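Structural features, examined
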Amino acid sequence: METYYKPSDLPKFAQIGDDAPELAKKFFDYYGAVFEPGELSEREKSLIALAVAHAIQCPYCIDSYTQSCLEKGSNKAEMTEAIHVATAIRGGASLIHGLQMRNIADKISL
Amino acid sequence: MTTMDNMTTDTEPFSLSLERRGLSLKRAKLMTLQVNTGLLCNLACRHCHLEAGPARKEMMSAATVQQVLAFARRFPFTVIDVTGGAPEMNPHILDLLGGLAELTPRLLLRSNLVAMSGALREKLVEFCCAAKVVIIASFPALNEAQAEAQRGKGVFSKSLEVLRYLNGQGYGQVDSGLELDLVSNPAGAFMPANQEAQAHRFHELLHSKWGVIFNNLYSFANAPLGRFERWLRQQGNYQGYLAKLAQNFNATSLDGVMCRRLISVAWDGYLYDCDFNQAAGLPLGRVPTHISKLDILPGPGDAIAIADHCYACTAGGGFT
């Protein structure tokens with residue numbers, strides 16, 4: 001069945017550089033450097049990436065960073081907790097806007 | 001059908017992959033004798049390439065034990081590595097270890113930990129302490145669910161209990177001379193964690209959460225053979241996993257792979273280049289040869305039987 005998202009596109013990510021190689025090189029160099037171990041370990045960075053992948057709901061990133069997390073030694077309990085962190089921030093972001101609603105409603109209400 | 005299977009086609013055969021890169025896999029100086037005591041095991045781990053388990057009857061006999069000892073007397077080895085199945089379940093294990101301890105400076109005993117129980121444990125560990133046998137224990141994950149998905153229910157806490165017992169006997173303790181190493185295999189069709197990072201985390205968490213100490217941790221990929229291969233195929237993961245191993249091929253790992261310096265003897269006395277070839281039924285020199293009949297050891301430059309499962313030993317950090 002035709003879909004907009006194709007799992008077979010994931011390993012072809014580098015093809016995005018075919019018509020704009022310089023920008024792609026800058027991006028991929030940066031991307032690679034971000035995931036190098038630094039103050040955070042590679043394992044911790046993969047867990048953050050997994051959480052962000054769920055927040056932005058990118059199926060390619062979810063596929064890729066599920067595997068990456070397991071390969072960095074994380075387990076499903078840790079990965080599920082990471083997604084709850086993303087969920088809490090997403091949910092909190094909606095809820096905090098409720099104050100905007102309340103401010104507006106209060107201003108125009110008797 | 002999984003994502004990975006949708007993404008991949010058949011992987012290039014391992015032999016062609018070496019050829020294309022202008023590489024070859026040949027023997028170096030032989031250092032290690034690996035002895036498989038049998039396929040009987042108290043566990044039936046889902047990643048086991050030898051499909052060891054409680055129903056298996058294959059066991060090294062007293063006569064073969066004597067032939068192994070005669071072989072090790074004739075050809076001295078720097079390292080002798082005793083494995084299974086669960087070596088603890090072979091009734092001749094103390095005869096084998098006792099004989100081998102006098103013939104090599106470094107004797108290794110591989111254990112799933114859980115088999116190190118009951119009446120034999122005290123006697124066995126007492127011997128291991130006296131002979132300074134290195135214990136290499138399977139401990140796949142710091143997470144109970146992951147460990148037990150691979151090894152079976154109840155194994156995690158029992159393994160910790162045996163590790164603490166071994167620590168109590170001096171194993172893993174500084175300056176005791178009693179080396180306790182752990183082996184971690186991924187709980188599924190994915191690559192193992194970086195060994196150094198994994199070791200750091202295991203040291204930290206095993207000590208802080210459970211009061212366990214150890215010396216070294218080895219992090220190895222699962223070989224797509226036996227029970228693990230069947231699971232991969234049933235789940236539609238086989239091609240994806242093989243492709244992943246092939247994508248992670250690391251030419252520098254070739255120098256250190258175990259088959260270059262090891263000879264593996266199966267429970268029935270027949271010889272192989274390694275434990276994985278034993279599971280794949282690929283005999284040493286391509287012709288079944290019994291340990292009692294081998295007059296000349298394989299040496300530098302000799303051929304090694306290879307197949308696609310060899311991708312597991314050459315991926316990432318490699319399998320040493």
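Our structure's up above, just so we're on the same page.
Residues numbered from 1 in each chain as written. Chains lettered and ligands numbered in written order. Predicted model: local features only at pLDDT ≥ 70, side-chain atom pairs only at ≥ 80, totals over all residues. Heavy atoms only, no water.

Quick look at the overall build of chain A
Across its full length, chain A carries 5 helices and 0 strands. In sequence order, chain A lays out its α and β elements as α-α-α-α-α. On C-alpha atoms alone, chain A measures out to a radius of gyration of 19 Å, which is more than a quarter above the 13 Å that the 2.2 N^0.38 rule sets for 110 residues. Counting only C-alpha atoms and orienting by the principal axes, one finds that chain A spans roughly 60 × 35 × 35 Å. Surface accessibility of chain A: about 8,300 Å² in total, with carbon and sulfur atoms responsible for 63%. Placing the 11 positive and 15 negative side-chain charges of chain A at their respective mean positions leaves the two points 6 Å apart. (Helix = DSSP H or I, 4+ residues; strand = E, 2+ residues; numbered from the N terminus. Rg over C-alpha atoms; globule rule 2.2 N^0.38 Å. Areas by Shrake-Rupley, 256 points an atom, 1.4 Å probe, with all protein chains shown as cover. Lys, Arg positive; Asp, Glu negative; His and termini not counted. Charge placed at Lys NZ, Arg CZ, Asp CG, Glu CD.)

Brief notes about unusual backbone geometry
All names here are of chain B. Between G84 and G85 the backbone carries a cis peptide bond, its omega angle lying at 20°. Turning to its location among the elements, G85 is positioned in the loop between strand 2 (79-83) and helix 4 (93-101). Of note, E51 is a non-glycine position whose phi angle comes to about 55°, a positive value. Looking at the element boundaries, E51 is found in the loop between strand 1 (32-36) and helix 3 (62-74). In this structure, L113 is a non-glycine residue whose phi angle is positive, near 75°.

Here we look at helix 6 (residues 144-151) of chain B
Among the residues making up helix 6 of chain B, those that are buried are Q146(B), A147(B), E148(B), Q150(B) and R151(B). On its buried face, helix 6 of chain B sits against helix 3 (59-71) of chain A together with strand 4 (134-138) and helix 7 (155-168) of chain B. The distance from a side-chain oxygen at the start of helix 6 of chain B to the backbone nitrogen of A145(B) is 3.1 Å, and the residue carrying that oxygen is N143(B). G152(B), located one to two residues past helix 6 of chain B, shows a positive phi value of around 115°. (Buried < 20%, exposed > 50% of the residue type's maximum accessible area, 1.4 Å probe, protein only. Contact = heavy atoms within 4.5 Å. Polar contact = N/O pair within 3.5 Å; in protein donor to acceptor, adjacent residues only side chain to side chain.)

Structural notes on the nonpolar core
Residues and elements named next belong to chain B. With 54 residues, the main nonpolar core has L33, L100, F139 and L166 as its most contacted residues. The greatest single-element share of this core, amounting to 6 residues, is contributed by helix 7. With sequence-adjacent residues up to four places away left out, L166 is seen in contact with L113, M116, V125, I135, Y171 and L180. Of all hydrophobic cores here, the second largest spans 30 residues; its members include F228, F276, Y311 and C313. (Core = buried A, V, L, I, M, F, W, Y, C linked by side-chain atoms within 4.5 Å.)

Side note on the side chain of Q278(B)
Residues and elements named next belong to chain B. Looking at where Q278 falls in the secondary structure, it is placed in helix 11 (residues 275-280). Look at Q278 and you get buried, because its relative accessible area is 10%. When residues no more than four places from it in sequence are discounted, the contact partners of Q278 are N36, L50, S264, V265, A266 and Y272.

Looking at the pairing of strand 4 of chain B
All names here are of chain B. Across the 5 residues of strand 4, 4 count as buried, placing the element largely inside the fold. Where strand 3 (residues 106-111) lies against strand 4, 4 bridges are found, and the strand directions are parallel. Residue S111 lies in a different strand from strand 4, and its bridge partner there is A137. With helix 5 (residues 118-131) bridging strand 3 and its parallel neighbour strand 4, the resulting β-α-β unit is right-handed. Of the pairings in the sheet, the one linking strand 4 to strand 5 (residues 180-184) comprises 4 bridges and is parallel in character. Its bridge partner being in strand 5, I136 is matched across the sheet by D181. (Pairing = 2+ DSSP bridges. Right-handed = clockwise from strand over helix to strand, strands pointing away.)

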